[in-house]
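# Per-entry structural report
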Amino acid sequence: MTTQPKPTIGVFDSGLGGLSVLGALAAECPSANLIYAADTAHVPYGNKTPDQIRARVLAMGQALINQGCTTLVVACNTATAEAIEALRATHPNIPIVGVEPGIKPAALNTQTGKIAVLATAATAKSQRLAQLIARHAPHRVVHVIPCHGWATEVEALNLEAPTIIAEAREKLLPLIDAGVDQVVLGCTHYDFLAPTLSRLIGGKAQLVGVAGAVARQACKVSGCDSLTGNGTIRLMSTMNPVRLPHTLSALGLGDLVESLAGPPQSLAAD
Ligand code: DGL
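Residues numbered from 1 in each chain as written. Predicted model: local features only at pLDDT ≥ 70, side-chain atom pairs only at ≥ 80, totals over all residues. Heavy atoms only, no water.

To continue, consider the overall build of the protein. Helix and strand counts for the protein come out as eleven helices and ten strands. A compact globule built from 270 residues should have a C-alpha radius of gyration of about 18 Å, and the protein, at 18 Å, falls within 12% of that. Each principal axis of the C-alpha distribution contributes one length, and for the protein these read about 60 × 40 × 35 Å. In the protein, which comprises 270 residues, the proportion classed as buried is 52%. Within the protein, contacts between residues at least 6 apart in sequence are counted, and of these 79% link residues at least 24 apart. Only carbon and sulfur atoms are counted for the fraction: they give 53% of the accessible area of the protein, which is about 11,800 Å². Charge-centre separation for the protein: the mean point of 19 positive side chains lies 5 Å from the mean point of 19 negative side chains. (Helix = DSSP H or I, 4+ residues; strand = E, 2+ residues; numbered from the N terminus. Rg over C-alpha atoms; globule rule 2.2 N^0.38 Å. Buried < 20%, exposed > 50% of the residue type's maximum accessible area, 1.4 Å probe, protein only. Contact = heavy atoms within 4.5 Å. Areas by Shrake-Rupley, 256 points an atom, 1.4 Å probe, with all protein chains shown as cover. Lys, Arg positive; Asp, Glu negative; His and termini not counted. Charge placed at Lys NZ, Arg CZ, Asp CG, Glu CD.)

Structure, rendered in structure tokens:
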């Protein structure tokens, strides 16, 4: 009898943001072998052109397939918006799961009909976000707020950065005072800002993230048996990989350290 090789799910982002999806995936699908790849040499994606983002996504996807990944998770709203179609067209036989802002759950849960979406500049002006809003929230008022520099602060582990707090006070709080009751975290980095944003919002609106839903979908399409444990995690980065294990603890994902298969490695993705 031949044994099937264990599925390996490759999760990537421009940097640390996709670790929010990795954490959810490790919980959802403990039997899977996971590889997390941060494209730290090119972070942030959010201020790049669509062509530049597409080039990075294709390079990262190929690099992860070269590492043996049998399923890919594009753990980045910006990369999904600009490049998931190109990635799927390049690898038609690999299941590829993306991350999109939770417009649908926000539209279902809002009591006031008013939603705010926090996103990178690239996601904010993407056609894909406009289509998502038209499809799932046609009768809702949706305010899209481009959040310049927030992902870079998360990369530096400045989760309470004064610039973030000031911008949220200036742009988000007036919308909440005007009735917005759902705040969509439209960038995977922003999941790590949830405690800071919750404190500012003070219960007047709900934060909407999608890491759990993405993890469930990735687990399903990867063919993993989600009920049994012992999957391993490998961490890789296009720059300064040694920093990654430390960031896990700093971002509240210290539990994952015991699943690490070895020291973090460099990923060549050009
Ligand atoms: N984490 C990414 C996202 O979900 C992008 C952050 C960035 O590199 O600008 O959009």
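Moving on, there is more to tell.
Let us now look at helix H8 (residues 162-177). Given a rise of 1.5 Å per residue, 16 residues ought to cover 22 Å, and the 21 Å separating the end C-alpha atoms of H8 matches this to within 8%. Along H8, the largest kink reaches about 40° and is centred on Arg169. Three or more residues of H8 are buried, namely Ile164, Glu167, Ala168, Leu172, Leu173, Leu175 and Ile176. Residues of H8 that are buried in the fold lie against strand E5 (114-119), strand E6 (141-146), helix H7 (150-155), strand E7 (182-185) and helix H9 (194-201). Gly179 sits one or two positions beyond H8 and adopts a positive phi of about 115°. (Expected span 1.5 Å × (residues − 1). Bend = angle between axes of the 7 residues up to and from the residue.)

With that settled, consider the pairing of strand E9 (residues 233-237). Where burial is concerned, most of E9 is hidden: four out of the five residues are buried. Sheet topology note: the strand E2 (residues 33-38)/E9 ladder contains five bridges and is parallel. The partner of Leu34 across the bridge, within E9, is Ile233. As judged from the two bridges shared by E9 and strand E10 (residues 265-266), these two strands associate in the parallel manner. Each bridged residue has a counterpart across the sheet, and for Met236 the counterpart in E10 is Gln265. For the crossover that starts at E9, traverses helix H11 (residues 244-250) and ends in the parallel E10, the hand is right-handed. (Pairing = 2+ DSSP bridges. Right-handed = clockwise from strand over helix to strand, strands pointing away.)

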